[in-house]
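# Working through the structure, step by step
Here are the chains, one letter per residue:
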Amino acid sequence: MDLLRFVLMRLGKGVIVLFAIAVLNFFLVRAAPGDPAQVMAGEAGAGDEVFLDQLRQQFGLDRPLYEQLWAYLSNYATLDLGFSYRQQQPVLDLILERLPATLLLTGAAFFISLVLGVVLGALAARRVGRWSDSAITTLALVFYATPLFWIALMSQIVFSLKLGWLPNVGFETVGGGYTGIDRALDIIQHLIMPALTLGLFFTAIYARMMRASMLEVAGADFVKTAYAKGLSPAVITRRHIARNAILPVVTLAGLQAGQLVGGAILTETVFAWPGIGRLMFEALAQRDYSVLLGVFFISSAMVVIFNLVTDIIYRIVDPRIGASA
Amino acid sequence: MTERVLHVEGLSLSLPNAADRRFALKDASFQIGAGETVCVVGESGSGKSMTAHAVMGLLPPAVKVAAGSIRLAGRELLGLDERDMRRLRGCDIGMIFQEPMTSLNPLMRIGDQIGEMFEAHGALHPAARNKRALELIEEVGLPDPAHIVRVYPHQLSGGQRQRVMIAMALALEPKLLIADEPTTALDVTTQAQILRLIDRLRSEHGTAVLFITHDFGVVAEIADRIVVLQNGEICETGKTGDVLRTPSHDYTKRLIAAVPSLTPPEPRRLATATPALKIDGLSKTYRSGGFFAKGREVAAVDNVSFEILPGETLGLVGESGSGKSTVGRCCLRLIEPDGGMIRLETVEIQGMTQRMLRAHRSRIQMIFQDPYASLNPRRSVGRIIAEGPVAQGVDRSTAMLQARELLDLVGLAPAAADRYPHEFSGGQRQRIGIARALALNPKVLVADEAVSALDVSVQAQILDLIREIQNRLQVAVLFITHDLRVAAQICDRIAVMQRGRIVEMAATAELFANPAHDYTQMLLAAVPGREAFAHTHETETNHVT
């Protein structure tokens, strides 16, 4: 009951945020030099006055601003995000077509980084001061500091070109004609390198965070209580230290989850992964505004949704949250 | 002689080389029989907690056992391997800690945390564990056990959590219960209940109790015998009555003399004058909840009125959550009150903007509870003290000169101005805090639990200092405390707060002789060791009236 009210409240706030973003989108296009009709005409590849007037009429650009805004918002409310002249397709279709690939990549990277980061961080904390701790911390620092695209390029050279273990680029083998299980395996092979590259960076962050958090919790009073009960160190670490130490990692993971949709431009570009990131990058290069703004809006919606999911998870793992909020 | 449960003999604990002394505990010997309570008393750093942890086999890695033996029911504990020691912990030795608020895992239900005790030692079937947990909760006097097993620690009060800790420690009927300052963080009335509970369980189960405390009132209340520790060495042991009545060692005598008496000194005569601080109808309500949610309202301060004359000390006493600290902060508008008048001498400050208020800030200053957290660790003591005057427009070098004079006034060497807070002890830091407050030459000082974090001997010195400064500078003091002994000694008048309201306000002697309100009577009755420390204040030499 409490949870339901909380979710409804947060959804209400989310709608307000999305509304604000849609309004911002609307004015962004109008803040660009020239009027939207010229922009669209440019996209469509024609520029004579008659066509411009036609466009203005078709999109209601000759009407007052508030009417335009209203029309624009009603379109957005029905998920009509506009039309891309370059691609000759509705923006929403373009995005939906790319969304699964992106979610697969970022979701896998997210999962890898979270599991690996938490495990490595916990391990390092258990062996603090020993060589295995130093090794994990140093590696984490290296991966944190190295630019993502460089790791991507290097792994392509080593694992694909030199060793030939994994496919170099793309989502699946072009013209492979695989179906069912074979197709899934083929996609997974293509997924490994980009997902790991993207995941390593966050693995490093989670590992460092988990380690610091474990060490802090290890000094807590209730851990002393657990020792006084005569529990074994393994149980104390798992049940008392790790469970409490993971809370800040959950917070951070929630922030990262919000970027799942838009945050993989570099990786997608280097690995020629047909996702939203590349769609956005191409749209930027081609000044395809309606696509850009559509991606912008959908990413924002994802951030709102993932934040909500994180908050719900947080309320489940930490019983104190529900009481104070 | 009863059977010895715990026998500590010639125990020495060595500290790492960098420490300020070589041994945390040196050549300590004592024993506890079944059903007996032994209190280890000492000031902070005396090694009393180390003693408890040594028995548990939970010493910090840097501290090593250098010599001696610890025998539990005849079995030598030193030299046992970790696995055997783990079997003893919880099963033969139960332990409860000082901080009930943080001693329970915040993410686990109470029932599961008690159940772990059985699980760790393979006792009982899982089904029987839950039943036993319910019985234990019932035994420590918590209401509705079926509900308690399902709640999380944050849903319980400090006293209730300490009861859970006790239930857990006694779950497997250990031979020895170690209680490390178990009531220090609790209110007096709760403290009295917990002490009674421990004592009842001890007599019912014949448990030996090793009770660590710094509070002689608690000692008088619960101990059969006392072990007094000073700098890691036992300086006196004996039956409680004997040691408290006729202490033989100088250190014990000094400690006992430093315990403030509940009998107030002769009242002082104060010249009638304009009140330095007058509060009228002050109120503050906290609302929880946000944007959409309908919040809960708590009246932290409810229509509070009082005035303090120059040179007078008004005590504000009450338990945690009574709103006394909120009143103190509202007086300085560190918390914004919802309503009421705050008059400093002739100036009413309640309606002022923060900018206007700044000019009057020097009239009222605050001394905080925690001498460790209330001084900026990155600034020299001189700059900490001079900061206020500089902000009020005093020239920097003049302010630094003043800071040195103030350090002299509070009993520190003027050279201390160039040093940093971490180089000082708790008592010295509190002196710095007082110097900082005095730097602006205030007419009113708000002391919020200013001596609560200090050892009794240091506490006595700081109280003397506050009194002496008050006599010299004629400042009015609002003295907020939960400790009725301290209040009895330093306050001219006392206001008792309960749930945001002042329920009784009277001259100190009057209040202690004839408490009118039920709540005041209850507070007074709960003060530990009231009979044992009925001595008057003749032991204090520099007491000014």
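Residues numbered from 1 in each chain as written. Chains lettered and ligands numbered in written order. Predicted model: local features only at pLDDT ≥ 70, side-chain atom pairs only at ≥ 80, totals over all residues.

Here we take up the overall build of chain B. Summing up its helical and strand segments, chain B has 19 helices and 20 strands in all. Its C-alpha atoms give chain B a radius of gyration of 25 Å, near enough to 24 Å, the size a compact globule of 545 residues would have. Across its three principal axes, chain B shows a C-alpha extent of roughly 70 × 55 × 45 Å. Within the span of chain B, comprising 545 residues, buried residues form 46% of the whole. (Helix = DSSP H or I, 4+ residues; strand = E, 2+ residues; numbered from the N terminus. Rg over C-alpha atoms; globule rule 2.2 N^0.38 Å. Buried ≥ 20, exposed ≤ 12 C-beta atoms within 10 Å, placed from the backbone.)

Next up on the list: the overall build of chain A. Looking only at helices and strands, one finds 14 helices and 2 strands in chain A. Seen through its C-alpha atoms, chain A measures out along the principal axes to roughly 85 × 55 × 40 Å. Within chain A, buried positions represent 34% of all 325 residues. When contacts within chain A are restricted to residue pairs at least 6 apart in sequence, those whose partners lie at least 24 apart make up 70%. (Contact = placed C-beta atoms within 7 Å.)

Quick look at the domain arrangement of chain B now. Residue and element names in this part refer to chain B. With domains assigned, chain B is organised as domain 1 (4-258) and domain 2 (277-539). Between the C-alpha centres of domain 1 and domain 2 the distance comes to 34 Å. Each side of the interface is counted separately: domain 1 has 21 residues, and domain 2 has 16 residues. Mapped onto the side of domain 1 that touches domain 2, the elements with two or more residues apiece are α7 (188-205), α8 (216-222) and α10 (250-258). Among the elements that make up the side of domain 1 that touches domain 2, the one with the highest residue count is α8 (6 residues). (Domains from an automatic or database assignment.)

What follows deals with the interface of chain B and chain A. Of the residues lining the interface, 25 residues belong to chain B; the matching set on chain A comes to 20 residues. Contributions of two or more residues to the side of chain B that touches chain A are made by α2 (82-88) and α3 (110-120) of chain B. When grouped by side-chain class, the residues that make up the side of chain B that touches chain A number 13 nonpolar, 7 polar and 5 charged. (Nonpolar A, V, L, I, M, F, W, Y, C, P; charged D, E, K, R; others polar.)

Residues and elements named next belong to chain B. Looking at chain B as a whole, the pLDDT averages 87, with 95% of positions reaching at least 70. Ignoring residues within four places in sequence, the model shows residues 536-545, a span with pLDDT below 50, making 16 contacts including any to other chains. Model confidence for the complex: the whole-complex pTM is 0.79, and ipTM, which rates the interface, is 0.78. (pLDDT = per-residue confidence, 0-100.)

Strand pairing in a sheet relies on backbone hydrogen bonds. The paired strands run either parallel or antiparallel. Residue and element names in this part refer to chain B. Read across the open sheet, the 6 strands follow the order β6-β7-β8-β3-β9-β10; overall the sheet is mixed. Only two strands of the sheet have a single partner each, and these edge strands are β6 (93-96) and β10 (233-239). Ignoring strand direction, the axes of neighbouring strands in this sheet form an average angle of 15°. Where strand β3 (residues 37-41) lies against strand β9 (residues 225-230), 4 bridges are found, and the strand directions are parallel. (Pairing = 2+ DSSP bridges. Axes fitted to C-alpha atoms, helices over the stretch in contact; angles between N-to-C directions.)

Residue and element names in this part refer to chain B. Read from one edge to the other, the open sheet built from 6 strands follows the order β16-β17-β18-β13-β19-β20, with strand pairing classed as mixed. Two strands lie at the open edges of the sheet, namely β16 (364-367) and β20 (501-507), each paired on one side alone. Ignoring which end each strand starts from, the neighbouring axes of this sheet average 20° apart. By the bridge criterion, 4 bridges tie strand β13 (residues 313-317) to strand β19 (residues 493-498) in an arrangement that is parallel. For G315, the partnering residue across the bridge sits in β19 and is I494. The sheet strands contacting helix α11 (residues 324-331) are β13, β16, β17 (444-448), β18 (476-481) and β19, and the helix crosses β18 at an angle near 150°.

What follows covers the pairing of β10 of chain B. All names here are of chain B. In the sheet, β9 pairs with β10 via 6 bridges, with the strands oriented antiparallel. Bridging across to β10, R225 finds its partner in K239. If you look at the hairpin formed by β9 and β10, you'll find 2 residues sitting between the two strands, and N231 has a positive phi there, around 45°.

This part takes up the environment of A391 of chain B. Residues and elements named next belong to chain B. Examined against the element boundaries, A391 turns out to sit in helix α13 (residues 381-391). On the basis of neighbour counts, which here come to 13 C-beta atoms within 10 Å, the residue A391 falls in the partly exposed class. For the pair A391 and A359, spaced 32 residues apart in sequence, the C-alpha to C-alpha distance is 10.0 Å.

Our next topic: the domain arrangement of chain A. All names here are of chain A. By domain assignment, chain A separates into domain 1 (2-91) and domain 2 (100-324). Measuring from the centre of the C-alpha atoms in domain 1 to the corresponding centre in domain 2 gives 33 Å. Contacts between the two partners involve 20 residues from domain 1 and, on the opposite side, 17 residues from domain 2. Elements with a contribution of two residues or more to the side of domain 1 that touches domain 2: α1 (2-31), α2 (36-44) and β1 (83-84).

Residues and elements named next belong to chain B. Assignment of secondary structure puts G529 in the segment after α19 (518-526). Its 21 C-beta neighbours within 10 Å are what place G529 among the buried residues. Linking G529 and V218, residues 311 residues apart in sequence, is a C-alpha distance of 6.2 Å. If near-sequence neighbours (up to four positions away) are discounted, G529 is found in contact with F216, G217, V218, V219, A220 and E221.

Looking now at the nonpolar core. The biggest cluster of nonpolar side chains holds 198 residues, and the ones touching the most others in it are A167, I178, L210, V444 and L478 of chain B. The element contributing the most residues to this core is helix α8 (residues 180-218) of chain A, with 14 residues. Residues contacting L478 of chain B, with those up to four places away along its chain left out, are L277, I308, L314, L316, G328, C331, V444 and V446 of chain B. Residues I276, L292, L293 and M302 of chain A belong to the second largest nonpolar core, which totals 20 residues. (Core = buried A, V, L, I, M, F, W, Y, C linked by C-beta atoms within 7 Å.)

Residues and elements named next belong to chain B. Even without being glycine, E181 reaches a positive phi, approximately 50°. The exposure class assigned to E181 is partly exposed, which follows from the 19 C-beta atoms found within 10 Å. With a phi close to 55°, R333 is a non-glycine residue in the positive phi region. Relative to the helices and strands, R333 resides in the loop between α11 and β14 (339-344). Owing to 17 C-beta atoms within 10 Å, R333 belongs among the partly exposed residues under this scheme.

For the rest of this paragraph, the subject is the environment of R396 of chain B. Mapping R396 of chain B onto the fold places it in helix α14 (residues 396-409). Once you skip the residues sitting within four places of it in the chain, R396 of chain B turns out to touch A386 and V390 of chain B.

Residues separated by three or four positions in an α-helix point in the same direction, a consequence of the helix having 3.6 residues per turn. Residues and elements named next belong to chain B. Between its terminal C-alpha atoms helix α6 (residues 158-169) stretches 16 Å, which fits the 16 Å expected from 12 residues at 1.5 Å a residue. Where burial is concerned, most of α6 is hidden: 10 out of the 12 residues are buried. Among the residues of α6, those classed as buried are Q160, R161, Q162, R163, V164, M165, I166, A167, M168 and A169. Each element contacted by the buried residues of α6 is listed here: β6, α3, α4 (126-139), β7 (176-180) and α7. (Expected span 1.5 Å × (residues − 1).)

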